[in-house]
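Reading the structure
This is what each chain is made of:
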Amino acid sequence: LTREHESNLPDLPEGIIRHFEAWQAEGVDASNCPVRDVLDRTGDKWSVLILMLLAREPKRFSALNKAVGDISKRMLTQTLRSLQRDGRVERTVYPTTPPKVDYRLTDLGRSVLEPLAALIVWADKRHEDIRKARETFDREESLAAQLSV
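Figured I'd write up the structure that's included with this text. (Residues numbered from 1 in each chain as written. Predicted model: local features only at pLDDT ≥ 70, side-chain atom pairs only at ≥ 80, totals over all residues. Heavy atoms only, no water.)

1. Overview of the pairing of strand β2 (residues 89-94)
For β2 and strand β3 (residues 100-105), the ladder comprises six bridges, and the chain directions are antiparallel. By the bridge assignment for β3, Val93 is matched with Val101. Hairpin connection between β2 and β3: a loop of five residues separates the two successive antiparallel strands. (Pairing = 2+ DSSP bridges. Helix = DSSP H or I, 4+ residues; strand = E, 2+ residues; numbered from the N terminus.)

Next up, the structure:
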């Protein structure tokens, strides 16, 4: 927190705050933080979208590519492989000619849908506020840069 005031203090469960404070007190190396490790992958540009696309049913690569639209095949492949590596997505190859491959959520992948849903609702609700805050920040930074010249 840069400044401690009411708007910086969300209504978080006290146990979560104590948990993070304990990590800090123990000198936990931030590069090994389990939360950071999971959120780095979950918070990338494509993972949330792919997880949500797989929420209802398995999909083939081409269906995912079409649904996302602006993702390259290479990036879709990398993201799917990362989600497989994390145990959130399963790739199934069917013995047909040509081979049919689909992707589905694992139990671990399904378990992230509820917290993601809360984040998606929050982002949708607050996106305009964030956009305005960015515009204000950029305008103030631009003014400050002009004054310092």
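2. Considering the pattern of salt bridges
The tally for this structure, following the rule as stated, stands at ten salt bridges. Between Arg131 and Glu135 there is a salt bridge, with the nearest N and O atoms lying 2.2 Å from each other. Of this pair, Arg131 and Glu135 are both found in helix α7 (residues 113-147), four residues apart, which corresponds to roughly one turn of the helix. Judged by its relative accessible area of 40%, Glu135 falls in the partly exposed class. A network of salt bridges, in which partner residues are shared, links Arg41, Asp86 and Arg88. (Salt bridge = Lys/Arg side-chain N within 4 Å of Asp/Glu carboxyl O. Buried < 20%, exposed > 50% of the residue type's maximum accessible area, 1.4 Å probe, protein only.)

3. Some details on the sheet that holds strand β1 (residues 59-60)
Taken together, the three strands give an open sheet; going across it, the order is β1-β3-β2, and neighbouring strands pair in antiparallel fashion. Strands with a single pairing partner mark the edges of an open sheet, and in this sheet they are β1 and β2.

4. A few points about unusual backbone geometry
In this structure, Pro98 follows Thr97 across a cis peptide bond, with omega equal to -10°. Position of Pro98 among the secondary structure elements: in the loop between β2 and β3.

5. Brief notes about the nonpolar core
Membership of the largest hydrophobic core comes to 17 residues, with the highest contact counts inside it found for Ile50, Leu51, Leu54, Leu80, Val89 and Tyr103. Taken together, the elements giving at least two residues each to this core come down to α3 (47-53), α4 (61-68), α5 (73-85), β3 and α7. Not counting the four nearest positions on each side in its chain, Leu54 is found in contact with Lys59, Leu64, Val89, Tyr103 and Leu105. (Core = buried A, V, L, I, M, F, W, Y, C linked by side-chain atoms within 4.5 Å. Contact = heavy atoms within 4.5 Å.)

6. With respect to the packing of aromatic side chains
Going through the model one piece at a time under the given rule, you end up with one aromatic pair. Arranged with centres 5.0 Å apart and planes meeting at 70°, the rings of Phe20 and Trp23 form a pair that is edge-to-face. Of this pair, Phe20 and Trp23 both sit in helix α1 (residues 14-25), three residues apart, which is roughly one turn of that helix. The ring of Tyr94 carries Lys100 above its face, with NZ or CZ at 5.1 Å from the centroid. (Phe/Tyr/Trp six-rings, centres within 6.5 Å; stacked < 30°, edge-to-face > 60°. Lys NZ or Arg CZ within 6 Å of the ring centre and 35° of its normal.)

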